[in-house]
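A closer look at the structure
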Amino acid sequence: MIKKLGAEFFGTFWLVLGGCGSAVLAAGVPELGIGFAGVALAFGLTVLTMAYAVGHISGAHFNPAVTVGLATAGRVGWNTVPGYVVAQVLGGTFGALVLYLIASGKADFSTAGGFASNGYGEHSPGGYSLLAALICEVVLTAMFLVVILGVTHKNAPAGFAPLAIGLALTLIHLISIPVTNTSVNPARSTAVALFTGGWAIQQLWLFWLAPVVGGVIGALVHKFLSED
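Before going into details, it helps to say that this report is about the structure given with it. For clarity, every value in this text was computed on a predicted model and none was experimentally measured. (Residues numbered from 1 in each chain as written. Predicted model: local features only at pLDDT ≥ 70, side-chain atom pairs only at ≥ 80, totals over all residues. Heavy atoms only, no water.)

Within the chain, Phe62 stands out as a residue other than glycine whose phi angle is a positive 55°. A relative accessible area of 1% places Phe62 in the buried class. Phi at Asn181 is positive, roughly 75°, even though this residue is not glycine. Along the chain, the position of Asn181 falls in the loop between α6 (161–180) and α7 (186–196). (Buried < 20%, exposed > 50% of the residue type's maximum accessible area, 1.4 Å probe, protein only. Helix = DSSP H or I, 4+ residues; strand = E, 2+ residues; numbered from the N terminus.)

Shown next as structure tokens:
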């Protein structure tokens, strides 16, 4: 179990450092910035690479909503959920800390811009409402679980699951960065919110509630559709 928790820690660390790091460090650079599409791809690549690297150790959840969804589907025991969630939040926070140390090396750096935090209303990149953010996060997390559970099914082609999951996360970000800055992952949201403070902490409840509810819904949809 220690090795599994370590894999979840480092996998979530990489997700936050790579995904949020691309948003904080590279998205807005004049002329050569990677933009929304680049950030979306970065998040997908973090999951793809770490799923191949440590998926055989822990199952490559890197996300409390995924862990809860997999438990709902019967893929993992509920007794694994608390340890996995703690490891994911700590790993993500460590990733945010490393990102903060790098970003603060620039003279005019400030977390006032959000530090890749998730938000709704005036803190949504596109000004989307609380209801829009709630629907977006629930539905996209549910679909993420449908993909994860489907491509890791015993009858699915072997060896391609990380690729499909990474591409699914990229697609999710392409859809929802303008709405919430894309969470679908409470550990990712918590990690950067701790450094932003203020409004990011106040709105964090949504980015725990919606992804976890979405994860459960996605698991139930899979169970309805699946043979097992």
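Let's shift gears to the side chain of Gln203. Mapped onto the secondary structure, Gln203 falls in the loop between α8 (199–202) and α9 (206–225). Discounting residues that sit within four places of it in the chain, Gln203 has contacts with Asn118, Gly119, Tyr120 and His123. (Contact = heavy atoms within 4.5 Å.)

Here α7 crosses α9 at 170°, and the two axes come no closer than 9 Å. Relative to α9, the element α7 is oriented roughly antiparallel. When α7 is examined against α9, the residues Pro186, Ser189 and Thr190 are found in contact with a partner set consisting of Phe207, Trp208, Pro211 and Val212. (Axes fitted to C-alpha atoms, helices over the stretch in contact; angles between N-to-C directions. Parallel < 35°, antiparallel > 145°, perpendicular 65-115°, else oblique.)

This part covers helix α2 (residues 35–58). An α-helical turn contains 3.6 residues, so a residue and the one three or four places further along point in the same direction. Spanning 24 residues, α2 covers 32 Å between terminal C-alpha atoms, matching the ideal 34 Å at 1.5 Å per step. The sharpest bend along α2 reaches about 55° and sits at Tyr52. Looking one or two places after α2, you find Gly59, whose phi comes out positive at around 95°. (Expected span 1.5 Å × (residues − 1). Bend = angle between axes of the 7 residues up to and from the residue.)

Before going further, it helps to spend a moment on the packing of aromatic side chains. Here the structure, examined in full by the defined rule, presents nine aromatic pairs. Linked through ring pairs, Phe9, Phe10, Phe13 and Phe94 together constitute an aromatic cluster. (Phe/Tyr/Trp six-rings, centres within 6.5 Å; stacked < 30°, edge-to-face > 60°.)

As a further point, take the side chain of Asn185. Of note, Asn185 is situated in the loop between α6 and α7. The buried category is assigned to Asn185, whose relative accessible area is 3%. A polar side-chain atom of Asn185 sits 3.0 Å from the main-chain amide nitrogen of Ala187. What Asn185 contacts, discounting residues up to four positions off in sequence, is Leu15, Phe62, Asn63, Pro64, Phe207 and Pro211. (Polar contact = N/O pair within 3.5 Å; in protein donor to acceptor, adjacent residues only side chain to side chain.)

Its location among the elements puts Leu169 in helix α6. The buried category is assigned to Leu169, whose relative accessible area is 4%. In the structure, Leu169 is positioned 15 residues away from Val184 in sequence and 9.0 Å away in space, judged by C-alpha atoms. Leu169 has contacts with Phe43, Gly44, Val47, Phe144 and Val184, leaving out every residue within four places of it along the chain.

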